[in-house]
Amino acid sequence: MRSFKIETPDGALRPAIQSKIDNLNKPKGSLGRLEELAMQICLIQQTLSPELSHPCHLLLGGDHGIEREGVSVSPREVTWQQMINFTRGGGGVNMFCRQHGFKLRIVDVGVDYDLTHIPGIIDRKIARGTKNFLYEPAMTEEAFDKAIEIGAALVDDCIAEGCNVLSIGEMGIGNTSPSSIWMHLFGNIPLNDCIGAGSGLDNPGIRHKCEVLAKAVERFTSQEDRNACEALHYFGGFEMIAAIGAMLRAAECHLIVLVDGFIMTACALAAIRLYPTSQDYMVFTHCGDESGHRKMLDIIEARPLLNLGLRLGEGTGALCAYPIIDSAVRMINEMNNFDNAKITKYF
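A quick note: this is a predicted structure, and the numbers were derived from the prediction, not measured. (Residues numbered from 1 in each chain as written. Predicted model: local features only at pLDDT ≥ 70, side-chain atom pairs only at ≥ 80, totals over all residues. Heavy atoms only, no water.)

When you look at the sheet that holds strand 6 (residues 282-284) in this model, what are you seeing that I'm missing?
Hydrogen bonds between backbone atoms are what pair the strands of a sheet, whose relative direction is either parallel or antiparallel. Pairing is parallel in the open sheet, where six strands are placed in the order 3-2-1-4-5-6. This sheet does not close on itself; its edge strands, each paired only once, are strand 3 (121-123) and strand 6. When the angles between neighbouring strand axes are averaged without regard to direction, this sheet yields 30°. Sheet analysis places strand 4 (residues 165-171) next to strand 5 (residues 256-259), joined by three bridges and oriented parallel. Opposite Val-165, over in strand 5, you have Ile-256 as the bridge partner. Across the face of the sheet, helix 10 (residues 262-274) comes into contact with strand 4, strand 5 and strand 6 while running at roughly 145° to strand 6. Along the sheet, helix 12 (residues 316-334) makes contact with strand 1 (56-62), strand 4, strand 5 and strand 6, crossing strand 5 at roughly 135°. (Pairing = 2+ DSSP bridges. Helix = DSSP H or I, 4+ residues; strand = E, 2+ residues; numbered from the N terminus. Axes fitted to C-alpha atoms, helices over the stretch in contact; angles between N-to-C directions. Contact = heavy atoms within 4.5 Å.)

Help me out: how do you make sense of the pattern of salt bridges in this one?
Side chains that differ in charge, positive against negative, can pair when their charged atoms come close. On inspection of all chains with the given rule, the structure shows 18 salt bridges. Here Glu-67 and Arg-76 are joined by a salt bridge, their closest N and O atoms 2.9 Å apart. For the pair formed by Glu-67 and Arg-76, the shared burial category is buried. Here the salt bridges do not stand alone but share partners, grouping Glu-67, Arg-68, Arg-76, Asp-112 and Arg-128 into one network. (Salt bridge = Lys/Arg side-chain N within 4 Å of Asp/Glu carboxyl O. Buried < 20%, exposed > 50% of the residue type's maximum accessible area, 1.4 Å probe, protein only.)

Is there a simple way to explain the packing of helix 6 (residues 176-187) against helix 8 (residues 228-235) in this structure?
Each pair of packed helices can be described by the angle between their axes along with the distance between the axes. Two elements in contact, helix 6 and helix 8, have axes whose closest approach is 10 Å; the angle formed by their N-to-C orientations is 165°. The angle between helix 6 and helix 8 falls in the class roughly antiparallel. As for the relative orientation of helix 6 and helix 8, their crossing is right-handed in sense. Each of Pro-178, Ile-181, Trp-182, Leu-185 and Phe-186 in helix 6 lies in contact with helix 8, whose residues at this interface are Ala-228, Ala-231, Leu-232 and Phe-235. Of the residues that constitute the contact of helix 6 with helix 8, the class distribution is nine nonpolar, no polar and no charged. (Parallel < 35°, antiparallel > 145°, perpendicular 65-115°, else oblique. Left-handed = near helix turned anticlockwise from the far one by under 90°. Nonpolar A, V, L, I, M, F, W, Y, C, P; charged D, E, K, R; others polar.)

Looking at this structure, I do not really get unusual backbone geometry. What am I missing?
Backbone geometry follows two general trends: most residues other than glycine have a negative phi, and most peptide bonds adopt the trans configuration. For Gln-46, which is not glycine, the phi torsion reads 55° and is therefore positive. For Gln-46, the position within the fold is in the loop between helix 2 (32-45) and strand 1. Unlike most non-glycine residues, His-54 shows phi in positive territory, near 45°. Examined against the element boundaries, His-54 turns out to sit in the loop between helix 2 and strand 1. For His-54, a relative accessible area of 31% translates into the label partly exposed.

Mind showing me how you'd approach the packing of helix 6 against helix 7 (residues 203-221) here?
Closest axis-to-axis distance for the helix 6/helix 7 pair is 11 Å, and the angle between their directions is 55°. With respect to helix 7, the element helix 6 is oriented oblique. Of the two elements, helix 6 crosses helix 7, and the hand of that crossing is right-handed. Two secondary-structure elements touch here, helix 6 through Thr-176, Ser-177, Ser-180, Ile-181, His-184 and Leu-185 and helix 7 through Lys-209, Leu-213, Val-217, Phe-220 and Thr-221. Across the contact of helix 6 with helix 7, the residue classes break down as five nonpolar, five polar and one charged.

Is there a simple way to think about the nonpolar core in this case?
Burial of nonpolar side chains together is a common tendency in soluble globular proteins. One finds Trp-182 and Ile-244 to be the most contacted residues of the largest nonpolar core, which totals 120 residues. Counting residues per element, this core draws most heavily on helix 9 (residues 238-252), which supplies eleven residues. Apart from residues lying up to four places away in sequence, Ile-244 is in contact with Ile-148, Trp-182, Leu-232, Cys-267, Ala-270, Ala-271 and Leu-274. (Core = buried A, V, L, I, M, F, W, Y, C linked by side-chain atoms within 4.5 Å.)

Would you mind going over helix 10 with me for this structure?
Helical geometry: 3.6 residues make up each α-helical turn, so side chains three or four residues apart lie on a common side. An ideal rise of 1.5 Å per residue puts 18 Å on 13 residues; helix 10 measures up with 19 Å between its terminal C-alpha atoms. Most of helix 10 is tucked away, with eleven of its 13 residues classed as buried. All of the buried residues in helix 10 are Phe-262, Ile-263, Met-264, Thr-265, Ala-266, Cys-267, Ala-268, Leu-269, Ala-270, Ala-271 and Ile-272. (Expected span 1.5 Å × (residues − 1).)

Help me out: how do you make sense of the state of the cysteines in this one?
Simply put, the disulfide is a covalent bond whose two ends are the sulfur atoms of two cysteines. This model, assessed by the stated rule, comprises zero disulfides. Looking at Cys-267, it has no disulfide partner, and the nearest cysteine sulfur is the one in Cys-229, 14 Å off. You can see Cys-320 has no disulfide; the closest cysteine sulfur is in Cys-97, sitting 11 Å from it. Of the residues examined, Cys-320 reaches a relative accessible area of 21% and is grouped as partly exposed. (Disulfide = S-S within 2.5 Å.)

I keep staring at the side chain of Asp-63 and nothing clicks. Help me out?
Along the chain, Asp-63 falls in the loop between strand 1 and helix 3 (77-87). Within the buried core, Asp-63 has no salt-bridge partner, and the shortest N-O distance to an opposite charge, that of Arg-76, equals 4.8 Å. Within the structure, Asp-63 has its side chain in polar contact with the side chain of Thr-79 (distance 2.8 Å). If we skip the residues at most four places from it in the chain, Asp-63 touches Arg-76, Thr-79, Gly-110, Val-111, Asp-112, Gly-129, Thr-130 and Ile-173. (Lys, Arg positive; Asp, Glu negative; His and termini not counted. Polar contact = N/O pair within 3.5 Å; in protein donor to acceptor, adjacent residues only side chain to side chain.)

Would you explain the environment of Leu-185 in this entry?
Within the secondary structure, Leu-185 is located in helix 6. Counting along the chain gives 116 residues from Leu-185 to Glu-69, while the straight-line C-alpha distance between them is 21 Å. Ignoring sequence-local partners within four residues, the contact set of Leu-185 consists of Val-217, Phe-220, Thr-221, Ala-231 and Phe-235.

Coordinates in, geometry out; function isn't part of it.
Have a look at this one:
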């Protein structure tokens with residue numbers, strides 16, 4: 001795996017940022033989370049006057065071999081069908097990208113279908129889905145490295161267009177299964193507490209999913225000296241590993257990284273385990289309905305901005321939260337201060 005140089009934002013500017021926030025014409029602390037967001041964004045950008053430029057959304061698609069074990073209520077073909085739907089502007093991700101001015105990049109990293117003839121899909125396919133991790137690693141180390149590089153290169157493309165705020169979404173039937181396992185392994189949480197209904201499993205379906213994933217984890221952990229990277233390529237999907245590569249490269253380049261729901265939080269958790277300082281660049285935008293998501297957020301002490309009950313994926317929670325990010329930036333840039341407004345500072 002390539003190495004990333006991710007530095008903790010220089011805190012020397014913190015007192016000046018706090019002073020600017022405190023002297024806006026409002027009671028001290030009265031804008032709550034907006035003030036915290038403004039502080040984080042100013043530190044990321046190392047400025048008292050932050051800006052949001054050319055926001056981009058990466059929609060990464062890939063299929064999972066574990067889907068063959070009946071761990072998802074949705075059939076595999078939904079992945080490629082939705083990928084095509086996205087090119088026609090008909091998905092939830094399309095609507096929110098249009099609403100909030102994000103440039104959408106639809107990327108095939110590992111969909112089990114030939115999408116090369118579909119205009120609007122960026123072809124970065126590594127293979128037609130991962131292997132079934134119940135019996136063997138989902139991908140090789142070489143494929144893992146390639147997926148990391150794909151995610152990083154996609155971020156470079158966004159930066160070349162002036163992007164400084166990035167959100168990431170996924171499309172891949174079965175991807176709550178590797179997410180649950182990563183949560184279990186990286187968070188030391190009992191596996192059953194990490195597994196939920198995904199796209200709509202009933203109680204017998206959830207029990208079956210728990211049995212399948214428990215067998216896969218037992219096989220993995222029966223071998224000694226397992227490390228984080230091995231867990232990533234043993235269970236992960238191509239779209240998930242590419243998302244980790246994108247998050248790490250974005251943090252390396254001091255971008256604001258908007259983290260969506262359960263799957264993307266699992267990717268963020270993995271990224272943080274590899275590079276703890278990457279969390280300084282992440283804004284956790286939404287806590288979804290998938291079982292265990294709140295616990296996973298608690299592991300990394302992340303406070304999501306929204307709790308809308310979303311479980312669509314695609315990065316929709318991050319896109320919905322974007323106006324709050326915009327409000328934080330507008331607050332520190334556009335609100336008057338006590339001196340200019342000729343208002344008595346009363347604290």
